[in-house]
Amino acid sequence: MPEAASASFSARAESSLAVSWPMRVQDPRLGLVERWLRYAVPGILAVFLACLIGLAALHIQGQKAEILAGAKAEVEGFARLAARAITSAGGRAGDLRALLPESERHPGRRLLLLRPDARIAAAHPPLPDSSTTLAEVLGESEPLSGLGERAGAMALDLPGGESVLAAIHSLPDGAGQVAVLQPIEPLMRGWSARARDQIVLVAAAILVIVGVGLAYGLQSRQATRADRAREQIRGRLETALRRGACGLWDWDIARGRIYWSDSMYALLGYQRQHEYLSFGAVNALVHPDDGDLYSLARGLAANQTCVDHAFRMRGADGAYVWLRARAEVMPDATDGGRHLVGIATDITEQRALEETNAASDMRLRDAVEAISEAFVLWDTGNRLVLCNSKFRHLHALSPEDAQSGRSYIDVMGRGVLPQVRRESPEANLALTGLAARTFEAELTDGRWLQISERRTKDGGYVSVGTDITSLKRHQEQLQASERELIETVKDLKRSRRTLELQTQQLADLAERYLDQKAAAEAASQAKSEFLANMSHELRTPLNAIIGFADVMENAVLGPLGTPRYTEYCRDIRESGSHLLSMIDDILNMARLEARRVRLNPRTIPADAAVASVLGLVEAAAREKGIAVGIDVQPGIELLADPSAMQQILANLVQNAVKFTPAGGRIAVRVRRAGASTHLFVEDSGIGIPRADLARLGRPFTQVEAQMTRSHKGSGLGLAITRSMVELHGGSLRIRSEETVGTVVLVRLPAPAPEQTDRLGRAVAAPRNDGRKSAAA
């Protein structure tokens, strides 16, 4: 092949196939890397062993240091506790045995009580008679006597050679000192055992790593032997190429690489670039409609030993070449793998002729299958030539039952003849000699067929069954529609008379509705005016009652005589004040319902509004021990009427204080949310049942039952608050959970000049839906 064909194959293999041929085993760079690895891996293992031994040694020393540090802290703490215990016991030396009982937690520990002159007053366990001072016990160079408590616990060597941890602590008022001596050797027994175990584990790991290194060396030797085996395979393949006249394949199944002979390259128009081809590169050359090598590999994995397969592969010029591959699986005695060895022959011309015939036959079958009628063709010997799926469905035949070449008796014996309910009398037999006939039949499933039977020129027989069910049903529907039309005309006449009666009834109902609506509005207006007048009339005597009760309680005109009268006056004043607040709520509710409330909205600082309201409940919250928190972002302003805003916040915060138990918390937060301002009042009170949330905000509605009420109130606070918020163009939402708390959200429009003007006009004009807004 020319060099251009070779370049075309190389570019296609590296770009369109997105693969590259593997390098030869004899590549000097791979050999150099392999030699370096044979020496580098043992070195890496040696460095790893050295690091492992060093880390183990550091870990053992760290454990020893940790034990000594804990023992020092314990000795120092014990000295402090012993000094405190001796002080509380009056400094008696006989209590040392009780302070230091026999225990395995501190084996060999000794407690010394020193006098102000540094002489030993008492010791437990007892000391030899020759030791009377601390210097005689610890040695002349001991630093504890000079440093005292500042020295903490120190490691010292006694004159006898024993290593101990020593700590000293002074008694109050210079009454002496307490010294504690703890031998180190008993403390380190457990550490010695653990150190031995760790050394054994490290030694075992070293043995394992050394074994891995030896195994690596043996594996390297086996790899060298495998390279020599590959050279032998190459020799056998070269021999096969000299003896064969076709393209030779040798597929190493285990390694996923394929060897092609030179004749195979010439057959496809390529030139050899590398020794072996990768599995993916060869599979990419196979036409996608002819399967792939993966399915062939799965067959070989399922113990398939022979291959006889025809497929197309793309040549160097881009055209596909038909190949027929015959191969057999051969085991490799060297490494125990399997090779698929065989030849591939060019069958392009043969396949082109077969495809031409198959295309003609397929076009005929597609045309027969595409028609909407049931079609069947029989030859002169009454054997099946061709039929479509409609015919098989009509006779309940499977594709296997209706195979070409079967006799009429065999095919129809496997199927089911459709049961005919009746035949059309007007087209029973329309014969033209004896060559054809056409008739209509109704099947038991309700379908209608028009069956046409004809003889072919060669003596065969063709039958076509057309489904005319829709035509028949359309005809029947036309007749039924005519009958229904007549009945519909009659029904329309009856419906018109009924409609006239219903129109008269609706007019009467509308007139009664308007009368009842006017009566209801008059009653509501009268109720609101009555409540307003009644509230005004009650305020005058209540103010007198409250004022006189306050005068009598404070004894302005002189003592009342009995102190209980003062309590009665306080009760009268508090009850009158409570009743007055309820009357004020009723009056406010009546004003809201009567559209008598006029707002003067303007921008007010949010932090000032919240602070002024919290001052009203500060005393009540302090009395119940409730923590009140304020979280207002700086610079936020509210668009509201100042007095109305104070009433809204006061009602919400007072409710939170009222229904929050002692020790609870209340939080007031203000946030900007887009074109709105959100005010949150959150408490950890008793909460509200989920079923009662929908009733909150209605006038005179309270969650607690009348017989179990524990909080006073008229039930108008939330109704007034909701109405005030809605007058500002906002909304109020409540989220609550029993025993957890309640969160009330007030959403108000953010300050803007056009919103201020619009809100002022809205609250000044009377609204027909104000009653619905106040009770929402």
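Residues numbered from 1 in each chain as written. Predicted model: local features only at pLDDT ≥ 70, side-chain atom pairs only at ≥ 80, totals over all residues. Heavy atoms only, no water.

Re the sheet that holds strand 23 (residues 731–737)
In a beta sheet, neighbouring strands pair by backbone hydrogen bonds and run either parallel or antiparallel. Strands sit in the order 19-21-22-24-23 across an open sheet of five strands; the sheet is mixed. One side of each edge strand has no neighbouring strand; the edge strands of this open sheet are strand 19 (627–632) and strand 23. Put simply, the sheet's adjacent strands are angled 15° from each other on average, direction ignored. The pairing of strand 21 (residues 665–673) with strand 22 (residues 676–683) spans eight bridges and is antiparallel. Paired with R671 across the bridge in strand 22 is H678. Seen against the sheet, helix 15 (residues 606–624) touches strand 19 and strand 21 and runs at an angle of roughly 180° to strand 19. (Pairing = 2+ DSSP bridges. Helix = DSSP H or I, 4+ residues; strand = E, 2+ residues; numbered from the N terminus. Axes fitted to C-alpha atoms, helices over the stretch in contact; angles between N-to-C directions. Contact = heavy atoms within 4.5 Å.)

Some thoughts on the packing of aromatic side chains
We describe a pair of aromatic rings using the distance from one ring centre to the other and the angle between the two ring planes. Within the structure shown, the criterion is met by six aromatic pairs. Centroid distance W249 to W260: 5.9 Å. Interplanar angle 45°. Geometry classified as tilted. Taken together, the residues span a long stretch of sequence, with W249 in strand 6 (residues 247–252) and W260 in strand 7 (residues 257–260) at a distance of 11 residues. Of the residues examined, W249 reaches a relative accessible area of 9% and is grouped as buried. For W260, a relative accessible area of 0% translates into the label buried. Taking the centre distance of 4.9 Å and the plane angle of 70° together, the rings of W378 and Y408 count as edge-to-face. You can see W378 sitting in strand 12 (residues 374–378) and its partner Y408 sitting in helix 12 (residues 408–414), a full 30 residues away along the chain. Classification of W378 by relative accessible area gives buried; the value is 4%. Connected via pairs of aromatic rings, a cluster forms that spans W249, W260, Y265 and F311. If you follow R257 out to its NZ or CZ, it ends over the ring of Y276, 4.3 Å from the centre. (Phe/Tyr/Trp six-rings, centres within 6.5 Å; stacked < 30°, edge-to-face > 60°. Buried < 20%, exposed > 50% of the residue type's maximum accessible area, 1.4 Å probe, protein only. Lys NZ or Arg CZ within 6 Å of the ring centre and 35° of its normal.)

Comments concerning the side chain of S278
The topology assignment puts S278 in strand 8 (residues 277–278). A distance of 3.2 Å separates a polar side-chain atom of S278 from the backbone nitrogen of A281. (Polar contact = N/O pair within 3.5 Å; in protein donor to acceptor, adjacent residues only side chain to side chain.)

Section: a nonpolar patch on the surface
Taken together, F548, M552, L560, Y565 and Y568 make up a surface patch of nonpolar side chains, about 510 Å² in accessible area. Considering the arrangement of structural elements, one finds Y568 in helix 14 (residues 563–593). The class for Y568 is partly exposed, based on a relative accessible area of 42%. (Patch = residues over 30% accessible without salt bridge, like charges linked within 9 Å, V, L, I, M, F, W, Y side chains within 5 Å. Areas by Shrake-Rupley, 256 points an atom, 1.4 Å probe, with all protein chains shown as cover. Salt bridge = Lys/Arg side-chain N within 4 Å of Asp/Glu carboxyl O.)

A closer look at the sheet that holds strand 10 (residues 320–331)
Overall, antiparallel pairing links the six strands, which are arranged 8-7-6-11-10-9 in an open sheet. Taken across any chain shown, the strands that pair with only one partner, and hence form the sheet edges, are strand 8 and strand 9 (306–314). The pairing of strand 9 with strand 10 spans nine bridges and is classified as antiparallel. By the bridge assignment, A310 is partnered in strand 10 with R324.

Digging into a positive patch on the surface
Residues K490, K493, R496 and R497 make up a contiguous surface patch of positive charge. One can find K490 in helix 13 (residues 469–553). (Lys, Arg positive; Asp, Glu negative; His and termini not counted. Charge placed at Lys NZ, Arg CZ, Asp CG, Glu CD.)

Some thoughts on helix 16 (residues 642–658)
Side chains of residues three or four places apart in an α-helix project in the same direction, reflecting 3.6 residues per turn. When the terminal C-alpha atoms of helix 16 are compared, their 24 Å separation across 17 residues agrees well with the 24 Å that a helix rising 1.5 Å per residue should span. All of the buried residues along helix 16 are A644, M645, I648, L649, A650, N651, L652, V653, A656 and V657. (Expected span 1.5 Å × (residues − 1).)

Comments concerning the pairing of strand 10
If you look at the hairpin formed by strand 9 and strand 10, you'll find five residues sitting between the two strands, and G318 has a positive phi there, around 90°. In this structure, strand 10 lies alongside strand 11 (residues 338–346), joined through nine bridges in antiparallel fashion. Bridging from a neighbouring strand, E328 pairs with V341 of strand 11. Connecting strand 10 to the next strand, strand 11, in antiparallel fashion are six residues, including G336 with a positive phi near 80°.

Regarding the environment of P183
Residue placement: P183 occurs in strand 5 (residues 177–183). Residue P183 is classed as buried on the basis of its relative accessible area of 8%. Considering only alpha carbons, one finds P183 and R109, 74 residues apart in sequence, at a separation of 6.5 Å. Once residues lying within four places of it in the same chain are set aside, the contact partners of P183 are P107, G108, R109, E162, S163 and V164.

Notes on the pattern of salt bridges
In the structure shown here, the tally under the stated rule is 16 salt bridges. The residue E76 makes a salt bridge to R80 at a minimum N-O spacing of 3.6 Å. You can see E76 and its partner R80 sitting in helix 2 (residues 28–88), four residues apart, about one turn around the helix. The partly exposed category is assigned to R80, whose relative accessible area is 34%. The salt bridge partner of D308 is R324, with a shortest N-O separation of 3.3 Å. Of this pair, D308 sits in strand 9 while R324 sits in strand 10, placing them 16 residues apart in sequence. Overall, the relative accessible area of 29% leaves R324 in the partly exposed class. Counted as one network, the salt bridges with shared partners bring together D252, R255 and R257.

Remarks on the environment of T603
Assignment of secondary structure puts T603 in strand 18 (residues 602–605). Among all residues touching T603, those that are not within four sequence positions of it are E637, L638, L639 and P751.

A short note on the confidence of the model for the chain
Mean pLDDT for the chain: 75, with 80% of residues reaching 70 or above. Residue range residues 1–25 is modelled with pLDDT below 50. Its contacts to residues more than four positions away, or to other chains, number 49 contacts. Within the model, the stretch residues 705–710 combines pLDDT values under 50 with three contacts to residues more than four positions away or in other chains. (pLDDT = per-residue confidence, 0-100.)

What about the packing of helix 15 against helix 16?
The contact between helix 15 and helix 16 brings their axes to 9 Å, and the two run at 20°. Comparing the axis directions of helix 15 and helix 16 gives the class roughly parallel. The hand of the helix 15/helix 16 crossing is right-handed. Contact residues: A609, V610, V613, L614, L616, V617, A620, A621 and K624 in helix 15; Q646, L649, A650, V653, Q654, V657 and K658 in helix 16. Looking at the contact of helix 15 with helix 16 residue by residue, the class counts come to 12 nonpolar, two polar and two charged. (Parallel < 35°, antiparallel > 145°, perpendicular 65-115°, else oblique. Left-handed = near helix turned anticlockwise from the far one by under 90°. Nonpolar A, V, L, I, M, F, W, Y, C, P; charged D, E, K, R; others polar.)

Some points on the nonpolar core
Ranked by internal contacts, the top residues of the largest apolar core, which has 41 residues, are M645, L652 and L679. Broken down by secondary-structure element, the contributors of at least two residues to this core are helix 15, strand 20 (637–640), helix 16, strand 21, strand 22, helix 17 (717–727), strand 23 and strand 24 (741–749). Look past the residues within four positions of M645 in its chain and what remains in contact with it is I604, L638, A640, L679 and L748. With 27 residues, the next largest nonpolar core counts M264, Y265, M313 and A344 among its residues. (Core = buried A, V, L, I, M, F, W, Y, C linked by side-chain atoms within 4.5 Å.)

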